[in-house]
Amino acid sequence: MPTTELLWAYVLAVALLTVTPGVDTLLVVRNTARGGLRDGVVSSAGICCGLFVHATLSAVGISLILVQTAWAFSILKWAGACYLIWLGLSSLYHAIRPAQPEVVQAAGAAQTVSLGRSFREGVFSNVLNPKTALFYMAFLPQFIDPQGPAFAQSIGLASIHFLLAMLWQCGLALVVVKSHKVVVSQGLKRILQGVTGGVFVGFGARLAVTQP
């Protein structure tokens, strides 16, 4: 593992990365509003598990290949862009579709969403994000001791990121739930779905036109 000074520098860097609003934050907020605290927490777990995928790729050098090979990067970029746009269109659909009486009989009632779906959305959101892959490729190796096993060190550093991100995102989900209970309304849910849907589509479109 890196020295104490390097480790604290890593913790500070990933903490700043974690609290910076982005696709993962939007997904946790959207899913918490959709299905309650459980939905948000499971989505966060999926997002954070995706970090280990990037850590593994960084350790074995595949992230470097993705960056240096234009067609491989393009495949990852387009897969991520399509997934973000799909998430956004799904949110927009739920924002504009006619209300179902059985769903809105209690204003703001959370939808029942399977744990598998929430987890998959989180994993795909993170794994299909080339920016996360690029960050791990460029950033993580700076804290790897070349005299030690790279894979074990990468997983250890990703575990720190996992804990920080889970704490932040679960806290965010809890805030959304508490606020949701106070000011909840079906109209507010539609607005949130519409705004996050538009942002997801925008993120996806921007990612699609980003040059490798």
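Residues numbered from 1 in each chain as written. Predicted model: local features only at pLDDT ≥ 70, side-chain atom pairs only at ≥ 80, totals over all residues. Heavy atoms only, no water.

Colleague: Where do I start with the environment of Gly122 in this structure?
Modeller: Mapped onto the elements of the fold, Gly122 is located in helix H7 (residues 115-127). Here Gly122 falls in the buried class, since its relative accessible area comes to 0%. For the pair Gly122 and Leu27, spaced 95 residues apart in sequence, the C-alpha separation works out to 7.5 Å. (Helix = DSSP H or I, 4+ residues; strand = E, 2+ residues; numbered from the N terminus. Buried < 20%, exposed > 50% of the residue type's maximum accessible area, 1.4 Å probe, protein only.)

Colleague: How should I be thinking about the nonpolar core in this particular structure?
Modeller: One recurring pattern in soluble globular proteins: nonpolar side chains tend to sit buried together. Formed by 16 residues in total, the largest nonpolar core has its most connected members in Tyr10, Tyr136, Leu140 and Leu157. Sorting the residues of this core by element identifies helix H1 (4-19), helix H3 (37-60), helix H8 (130-139) and helix H9 (150-183) as the ones contributing at least two each. It is H9 that contributes the most residues to this core, 5 residues altogether. Leave out the neighbours within four places in its chain, and Leu140 touches Tyr10, Ala55, Ser58, Phe135, Ser154 and Leu157. Of all hydrophobic cores here, the second largest spans 10 residues; its members include Leu26, Leu27, Leu84 and Leu87. (Core = buried A, V, L, I, M, F, W, Y, C linked by side-chain atoms within 4.5 Å. Contact = heavy atoms within 4.5 Å.)

Colleague: Would you mind going over H1 with me for this structure?
Modeller: Structurally, the α-helix is built with 3.6 residues per turn, so residues lying three or four positions apart point the same way. With 16 residues, H1 should reach 22 Å at 1.5 Å per residue; the first-to-last C-alpha distance of 23 Å fits that figure. All of the buried residues in H1 are Tyr10, Val11, Val14 and Thr18. Taken down its axis, H1 places every buried residue within 100° of arc, on the same side. Residues Glu5, Trp8, Leu12 and Leu16 are exposed on H1 and point more than 90 degrees away from its buried face. (Expected span 1.5 Å × (residues − 1). Arc of directions from axis to C-beta.)

Colleague: Hey, could you run me through the pattern of salt bridges in this one?
Modeller: Summed over all chains, the structure comprises 4 salt bridges. A salt bridge links Glu121 to Arg30, with the shortest nitrogen-to-oxygen separation between them at 3.2 Å. Taken together, the residues Glu121 in helix H7 and Arg30 in helix H2 (residues 23-35) connect sequence positions 91 residues apart. Among the residues examined, Glu121 registers a relative accessible area of 4% and is labelled buried. In this structure, Glu121 and Arg34 form a salt bridge, with 3.2 Å as the shortest nitrogen-oxygen distance. Of the two residues, Glu121 sits in helix H7 while Arg34 sits in helix H2, which places them 87 residues apart along the sequence. Comparing Glu121 with Arg34, the two get one shared label, buried. (Salt bridge = Lys/Arg side-chain N within 4 Å of Asp/Glu carboxyl O.)

Colleague: How do you make sense of the confidence of the model for the protein chain when you look at a structure like this?
Modeller: Any region with low pLDDT has predicted coordinates that should not be read closely. Looking at the protein chain, the pLDDT average stands at 78 and 79% of residues meet or exceed 70. Across the protein chain, the element-wise mean pLDDT spans from 39 in helix H6 (residues 101-104) up to 92 in H3. Under a pLDDT of 50 for its full length, residues 100-108 has, in the predicted model, 8 contacts with residues more than four places off or in other chains. (pLDDT = per-residue confidence, 0-100.)

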